[in-house]
Amino acid sequence: MKRGREIVGIVGKRKPDSVCKTSQRFDRMVNKKNKVKGNKDIGLSVTSRNKEVNLAQSETNQAMTNEQLIEQLTSANPDAVVKQGSQYPEITVAHDKLHAFMQNIKSDSSLAFDYLVCETGVDYPEFIQVVYHLESTSHRHFMVVKANTENRETATLDTVSDIWPTAEFHECEIYDLLGIRFNNHPNLRRYFLDDTWGHPLRKDFHDDIHVVER
Amino acid sequence: MAEFSEKYIITDEIKADEYLVNIGPQHPSTHGVLRLLTRLEGEIVHNVEPHIGYIHSGIEKMTEALSYPQIVHLTDRMDYLSAHMNNEAVCLCVENALQVEVPERVKYIRTIFDELQRLASHQLWWCASGMDLGALTAFFYGLRDREDILDIFEETCGARLTLNYSVPGGVMFDIHPNFQKSVKAFITKFRKKLPEYDKLLTDNIIFQNRTKGVGVLSKEDAIAFGVTGPTGRASGFSCDVRKHHPYSAYPYIKFDEKLGTDGDSFMRWKVRMDEMWESMNIIEQLIDNIPEGDFAVKMKGVIKLPEGEFYQRVESARGEFGVYIVSDGKKNPYRVKFRSPGFSNLFTINHIAKGWKIADLVAIMATFDLVIPDIDR
Amino acid sequence: MKSFFNYIAEIFSGVWTLLTGMKVTAKYFFTPWKNVTQQYPENRDTLVMYDRFRGEVIMPHNENNEHKCTGCGLCENACPNGSIEIISKSIVNEEGKKKRIIDQHIYHLGMCTFCNLCVRACPSDAIVMGQKFEHAHWDRSTFTKVLNQPGSKIMEGIKE
Ligand code: SF4
Ligand code: SF4
């Protein structure tokens, strides 16, 4: 079995230092060790951290404003509904175009929505809506994508778990609580409840035994 | 058990030399009622499948029948170790929706409470994961120092764990006259105690050998799996909501986002240890400058949100906590979703624990800092 | 050969770091007055809770057995768990007018989450949070309490 573990060198005796922070202690430890063993590939050095933060901040500057984002999304998806929501740009995508659209906004380098923050199902009278909160870790802009199922009875939607792996688990949760079946999902199972339950977050869910209504 | 395993093992066939072991639901190292269905070959983990839902409390369903101040009190029960951050998230969301500007004093108090809560949470994480890795002494040292923070909480808001201190529009009580004094006393004391933590565990070679290089999560995977908080930052994923989307008093203060490079268990450990120092710095910047003023704005007796959808993110002790409220203009929300950090973090475990030994799985879980009610909601 | 030296070095450094940790524990072992353990329940007589401590909901009465509760029911509405029930009755006062007053303010301690919302909601400050925290009991029925004492009246001058 491959183990990425190396024998750690001598830590040695250090002077007691009352305001010695963990990181500093550790930096010193690593530096010392690197010197002793000439071992560069431990990679635990913390000096590159600040660089990375600066990088993240400089990238932030390229973030699109909400207006630019809306403009670009509207021109690229003429049949989708794009509007400025109460906080973030919101786009409603047709359910059959969802997967292609999602793939596009992740791979497009000017959008690069690579972080799926949250996936929510909301039950409305005619359809069930799935809301995706997306953020780009390089540009730091934020967007909300919505997709409606065709109807409530046979609610299906394409999975996005091949685009963002975290969606796999959020989709299981939505399936459990709202009963949306996700096409092509690798392992759609109920997380919280067993099969004797309905889908409790639907508005027409009634349970006389477990739910006391006031 | 038989029908259970038949129904739930959907992954591929079990090979001849593999066997299935249930870790949990009642296992000390799962920190609650979490069941990890592990496929093992000897001691080597081939597959981990987390089964959750043992303490699913239906909070999202319950909120649909409650008013907004009542929802705040329910969020304590999810991630009980970052109760105040959860309370604050709902309050901020409601305030945003109503366009209420809270007084500066409230922002400062909330931020100090956030950081105290983060310290308390990390202390408990430190001692509990020390215990997971076989260091029982650590447990008592962590709880000893956490007690001081809980006393501060109790003095100001009357509760130790389920604070319910933030309310829409402000905080529930003004800070106790002793608050500043006791916080400062705590910081001075804890600055002396924190190096003890290092001496006890972090510097220990046995401990380091158990955690270094174990369970590496790359930055790309952290982003793809939505792993946030100290766990994600250890992989180099800059995901601190306090930095990128500042709320409350975070825009006014200077602090570093602690980023790691490796993403192994030791780095996750170290990022949290560093965050404790950083939290103390933040508190010290704020504690002397709490502005005078009201501790809450007057809200209507019945809070009704305008129609629409509102999302608020805060940084809880475990990562990004989000509240998504869909309102239809009534006094109860139409739908509330809590984006809990633990839920996203937990499911990477299969990805990174593959190929490691059972004892390493425990080390990985310990440094993930899981709180099960947060995952189940 | 090199790995052998590393192995030996690791053993020594392992022992050394172990001793460093044990120095910390030994410090507390030999200075027991620095320990912080409270001897509960032996210290029950001297144990003082913080004055804001939320232990239970109580309704203070003055020496004439009078309370401030008007029976408005706002606390009942504010409670998220339904742990308060207000039973009011109507009486005819001296001037011959009908008036609703509180009959029983029922408080289910077993359902209470000590969230303080009822105390916040009360317009006349009739209920406050008490300091008692040792609620464990053999029988669940003792958790249902009537907060207004038998025969108590509403205080003079409380607005409705
Ligand atoms: S403290 Fe909270 S739960 Fe208890 S009675 Fe008052 S409102 Fe209800
Ligand atoms: S306790 Fe207060 S809120 Fe409750 S019924 Fe009496 S006066 Fe009204």
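Fair warning: this is a prediction, and the values are worked out from it, not measured in the lab. (Residues numbered from 1 in each chain as written. Chains lettered and ligands numbered in written order. Predicted model: local features only at pLDDT ≥ 70, side-chain atom pairs only at ≥ 80, totals over all residues. Heavy atoms only, no water.)

Asker: How should the site of ligand 2 be read in this particular structure?
Answerer: All names here are of chain C. For ligand 2, the set of nearby residues contains 14 residues, the closest of which are Cys-69, Cys-72, Gly-73, Cys-75 and Cys-122. The cavity where ligand 2 resides is the largest cavity. Class assignment for the residues of the shell around ligand 2 results in 9 nonpolar, 5 polar and no charged. (Near = heavy atom within 4 Å. 1 Å grid on protein atoms, 1.4 Å probe; cavity = no way out; pocket = protein on both sides within 12 Å on 5 of 7 lines; lining within 4 Å. Sits in = over half its atoms within 2 Å of the grid points. Nonpolar A, V, L, I, M, F, W, Y, C, P; charged D, E, K, R; others polar.)

Asker: For this particular structure, what's the right way to read the side chain of Gln-70 of chain B?
Answerer: Turning to its location among the elements, Gln-70 of chain B is positioned in helix H3 (residues 68-75). With relative accessibility at 6%, the residue Gln-70 of chain B sits in the buried group. A polar contact of 3.4 Å, which involves the side chain of Gln-70 of chain B, links it to the backbone oxygen of Cys-79 of chain C. Sequence-distant contacts of Gln-70 of chain B, defined by excluding residues within four places in its chain, comprise Asn-77, Ala-78, Cys-79, Pro-80 and Leu-117 of chain C. (Helix = DSSP H or I, 4+ residues; strand = E, 2+ residues; numbered from the N terminus. Buried < 20%, exposed > 50% of the residue type's maximum accessible area, 1.4 Å probe, protein only. Polar contact = N/O pair within 3.5 Å; in protein donor to acceptor, adjacent residues only side chain to side chain. Contact = heavy atoms within 4.5 Å.)

Asker: I'm lost on the domain arrangement of chain B in this one. Help?
Answerer: Note on interface size: it is often stated as the accessible area lost on association of the parts. According to the domain assignment, chain B contains domain 1 (2-51) and domain 2 (67-301). Put simply, the middle of domain 1 of chain B and the middle of domain 2 of chain B, counted by C-alpha atoms, are 33 Å apart. (Domains from an automatic or database assignment.)

Asker: Quick question: what am I supposed to make of unusual backbone geometry here?
Answerer: Both trends apply: most residues other than glycine have a negative phi, and most peptide bonds are in trans. Cis peptide bonds are those with omega within 30 degrees of zero, and the linkage from Tyr-40 of chain C to Pro-41 of chain C qualifies with 5 degrees. As for its position among the elements, Pro-41 of chain C is in the loop between helix H1 (2-30) and strand S1 (56-58). A positive phi angle is found at Arg-140 of chain A, which is not glycine, with a value near 65 degrees.

Asker: Teacher, can you tell me more about the pairing of strand S3 (residues 84-92) of chain C here?
Answerer: Across a regular strand the side chains alternate sides, sitting on one face of the sheet and then on the other. All names here are of chain C. Across 9 bridges, S3 lies against strand S4 (residues 98-108) in antiparallel orientation. Paired with Lys-89 across the strands is Ile-101, a residue of S4. Connecting the antiparallel pair S3 and S4 is a turn made up of 5 residues, with Gly-96 showing a positive phi of about 85 degrees. (Pairing = 2+ DSSP bridges.)

Asker: Is there a simple way to explain helix H3 (residues 66-76) of chain A in this structure?
Answerer: Side chains that are three or four residues apart share a direction in an α-helix, a result of its 3.6 residues per turn. Residues and elements named next belong to chain A. For H3, the set of buried residues is Leu-69, Ile-70 and Leu-73. Looking straight down H3, one finds that the buried residues subtend no more than 95 degrees of arc, so they occupy a single side. Exposed and facing more than 90 degrees away from the buried side of H3 are Glu-67, Glu-71 and Ser-75. Elements that come into contact with the buried residues of H3 comprise strand S1 (81-84), strand S2 (89-93), helix H4 (98-107) and strand S5 (142-148). (Arc of directions from axis to C-beta.)

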